Amino acid sequence: MMKKMIITMRENDFWLSKWAGVGLLVLLCAPWFMPSNKLYHQLIIALLWLPAFLFLLMGKKRSLLLSSDIGLYVALAIWTILVIVIKGGEEPVSDFKQVLYISLTLIAMLLFSELGEDRLKNLLLVAALVGGLGAGASWVSFYLFKDNVFADRVMALGIWDTIIMAAHAVGALAVLGVGLVIERIRDRRVLCLAVVAAIGYLLFLVSSQTRGVWVGLAAAMCVALLVLPARLRWILVSTGVGVISITFAVYPDFLLQRGLSYRPELWSAGIDLLSDSPWLGLGFHEIQLRVQELQTVFKHPHNLYINIAIRTGIIGLALYLILWGRVVWLAWQAREQVLGRALLGLWSFSTVCLLTDGIGLWDKPNADWLVIWLPVGLGLVLARTLKAKSALM
């Protein structure tokens, strides 16, 4: 009887993990095909958050969540909830739910990783290949089937309908894809799909005209030069130089056409706002940042780190930076592994991109989750993998 119960529990764990994997695939791939955010969020509730919630409800394998790395995230989440209680917001119940949703997402990633690192790598590679096809299809649809000219900034198909955020997500998937496809480079089918996806990514990211993303890609490339084998470094450098040359040849004014887009003025206004409540922040009320030259009001400072400080204070920013720093340390420790190298590239890309944009840390599933929370989730997975390997040595 006891043996049968143990087998049943293991089977339940297996199916919960598979269920969470389907949800993770939906999170990363479905935006290209979704007609509305509402349907996207409903699918995520059913396929990603529900298995994570059932896992918590069953109370099994709680050791999965008992680690110092999880503790760093929990400290950030608790501080955020404390700020919501003390400082409030426009919709405090909704703000609290964002923390819950993100927590369930990270648990779902850990739950899926129970099936093995190879399953996770394969899922991420599929998402990267689908992303390249989606990016290419978006480019073709926007320029060849709609009344747009090449000077217009490309818009993604589906629900990633904000130019900069879409470019963040597309860039993140591209960086992940490069990191993951390396070990499958001899598989001709994968290689052919990767080449098609790479063309899609190239067309989309150049046409997005998002300079923060370009600098982020350059940062990811520099990190790749530190960890990739020598032969692959030359291929990467040659590709990068070629892309930059083509960009300047076709669009010579890209880097200078919009100046700094008033980023310094927005950052300064954000820091001034923070001075009103530096330790606790201002909570989650709507904020107004004014740029005198434009006579325009902005709702965020176009810098995730300043935005975190405005919302949750210097303490909240410090807790986030500790967690974010831990992620890159884990990635560096695992740099000999494919997933570790991919995460190093993604972390570098995300860190730079979020200097010039990022609407907020706690939000419903959107394109920026791929540069904010996906690296954290992968870092937590790597922490468990490294711990398991060290225990075997």
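None of these values were measured; they are calculated from a predicted model.

Draft legend 1. Seen up close, the overall build of the protein chain. Along the protein chain, the regular secondary structure elements total 14 helices and two strands. When the 393 residues of the protein chain are sorted by exposure, 51% land in the buried category. Surface accessibility of the protein chain: about 18900 Å² in total, with carbon and sulfur atoms responsible for 68%.

Draft legend 2. Seen up close, unusual backbone geometry. Phi at glutamine 209 takes a positive value of approximately 55°, unusual for a residue other than glycine. The topology assignment puts glutamine 209 in the loop between helix 7 (188-207) and helix 8 (211-227). Taking relative accessible area as the criterion, glutamine 209 reaches 3% and is therefore assigned buried. In this model, histidine 302 sits at a positive phi of 55°, which is unusual for a non-glycine residue. Following the sequence through the fold, histidine 302 ends up in the loop between strand 2 (296-298) and helix 11 (304-333).

Draft legend 3. Fine view of the pattern of salt bridges. Counted by the stated rule, this structure contains seven salt bridges. Note that arginine 384 is salt-bridged to glutamate 114, the shortest N-O span being 2.6 Å. Taken together, the residues span a long stretch of sequence, with arginine 384 in helix 14 (residues 374-392) and glutamate 114 in the loop between helix 4 (92-113) and helix 5 (117-144) at a distance of 270 residues. For arginine 384, a relative accessible area of 30% gives the class partly exposed. Between aspartate 187 and arginine 184 there is a salt bridge; the shortest N-O distance is 3.8 Å. Residue class for aspartate 187 comes out partly exposed when judged on its relative accessible area of 23%. Among the residues examined, arginine 184 registers a relative accessible area of 28% and is labelled partly exposed. Each of Asp118, Lys121 and Glu183 takes part in salt bridges that share partners, so that together they form one network.

Draft legend 4. Summary view of the side chain of arginine 341. Within the secondary structure, arginine 341 sits in helix 12 (residues 338-356). Look at arginine 341: it is buried, it has no salt bridge, and the nearest opposite charge is glutamate 336 at 5.1 Å. Polar side-chain contacts of arginine 341 include one of 3.3 Å to the backbone oxygen of glutamate 336. In this structure, arginine 341 is in contact with Val227, Leu228, Ala334, Arg335 and Glu336, ignoring residues within four places of it in sequence.

Draft legend 5. Quick peek at the confidence of the model for the protein chain. Model confidence for the protein chain is summarised by a mean pLDDT of 87, while 88% of its residues fall at 70 or above. Within the protein chain, the lowest mean pLDDT, 67, falls on helix 9 (residues 230-250), and the highest, 96, falls on helix 13 (residues 369-372).

Draft legend 6. Molecular detail of the nonpolar core. If you look at the biggest cluster of nonpolar residues, it comprises 118 residues, and the most contacted ones within it are Leu24, Tyr73, Trp160, Tyr201, Trp362, Trp373 and Leu378. The element contributing the most residues to this core is helix 11, with 13 residues. In contact with tyrosine 201, other than residues within four places in its own chain, are Ala127, Ala128, Gly131, Gly132, Ala135, Val170, Leu173 and Ala174.

Draft legend 7. View of a nonpolar patch on the surface. The grouping of Val140, Leu144, Phe145 and Phe150 at the surface amounts to a nonpolar patch, some 430 Å² of accessible area in total. Tracing the backbone shows valine 140 in helix 5.

Draft legend 8. Seen up close, the environment of histidine 302. Classification of histidine 302 as buried rests on a relative accessible area of 12%. Within the structure, the side chain of histidine 302 is placed 3.0 Å from the side chain of aspartate 357, a separation counted as a polar contact.

Draft legend 9. Representation of helix 3 (residues 68-87) in the model. For helix 3, spanning 20 residues, the distance from its first C-alpha to its last is 28 Å, which sits close to the expected 28 Å at 1.5 Å a residue. Within helix 3 the residues assigned to the buried category are Asp69, Ile70, Tyr73, Leu76, Ala77, Trp79, Thr80, Val83 and Ile84. With its phi angle positive at about 75°, glycine 88 sits one or two positions after the end of helix 3.

Draft legend 10. Focus on the packing of helix 5 against helix 6 (residues 163-181). Relative orientation of the contacting elements helix 5 and helix 6 amounts to 130°, with a least axis distance of 8 Å. Classed by the angle they form, the pair helix 5 and helix 6 counts as oblique. Crossing hand, helix 5 versus helix 6: left-handed. Seen from helix 5, the contacting residues are Lys121, Leu124, Leu125, Ala127, Ala128, Gly131 and Ala135; seen from helix 6, they are Val170, Leu173, Leu176, Gly177, Leu180 and Val181. Here the residues of the contact of helix 5 with helix 6 sort into ten nonpolar, two polar and one charged.

Draft legend 11. Quick look at the packing of aromatic side chains. Using the criterion set out here, one finds 13 aromatic pairs in the structure. Each ring, one from tyrosine 305 and one from tyrosine 320, has its centre 6.5 Å from the other, and the planes form 45°; the classification is tilted. In this structure an aromatic cluster arises from ring pairing among Trp139, Phe142, Tyr143 and Phe150.

Draft legend 12. Fine view of the environment of leucine 339. Tracing the sequence through the fold places leucine 339 in helix 12. Taking C-alpha positions, leucine 339 is 9.7 Å from valine 381, a pair spaced 42 residues apart along the chain. The contacts of leucine 339, once residues within four sequence positions are left out, are Glu117, Leu120, Lys121, Leu124, Leu180 and Leu382.

Cut-off values and rules
Residues numbered from 1 in each chain as written. Predicted model: local features only at pLDDT ≥ 70, side-chain atom pairs only at ≥ 80, totals over all residues. Heavy atoms only, no water. Helix = DSSP H or I, 4+ residues; strand = E, 2+ residues; numbered from the N terminus. Buried < 20%, exposed > 50% of the residue type's maximum accessible area, 1.4 Å probe, protein only. Areas by Shrake-Rupley, 256 points an atom, 1.4 Å probe, with all protein chains shown as cover. Salt bridge = Lys/Arg side-chain N within 4 Å of Asp/Glu carboxyl O. Lys, Arg positive; Asp, Glu negative; His and termini not counted. Polar contact = N/O pair within 3.5 Å; in protein donor to acceptor, adjacent residues only side chain to side chain. Contact = heavy atoms within 4.5 Å. pLDDT = per-residue confidence, 0-100. Core = buried A, V, L, I, M, F, W, Y, C linked by side-chain atoms within 4.5 Å. Patch = residues over 30% accessible without salt bridge, like charges linked within 9 Å, V, L, I, M, F, W, Y side chains within 5 Å. Expected span 1.5 Å × (residues − 1). Axes fitted to C-alpha atoms, helices over the stretch in contact; angles between N-to-C directions. Parallel < 35°, antiparallel > 145°, perpendicular 65-115°, else oblique. Left-handed = near helix turned anticlockwise from the far one by under 90°. Nonpolar A, V, L, I, M, F, W, Y, C, P; charged D, E, K, R; others polar. Phe/Tyr/Trp six-rings, centres within 6.5 Å; stacked < 30°, edge-to-face > 60°.

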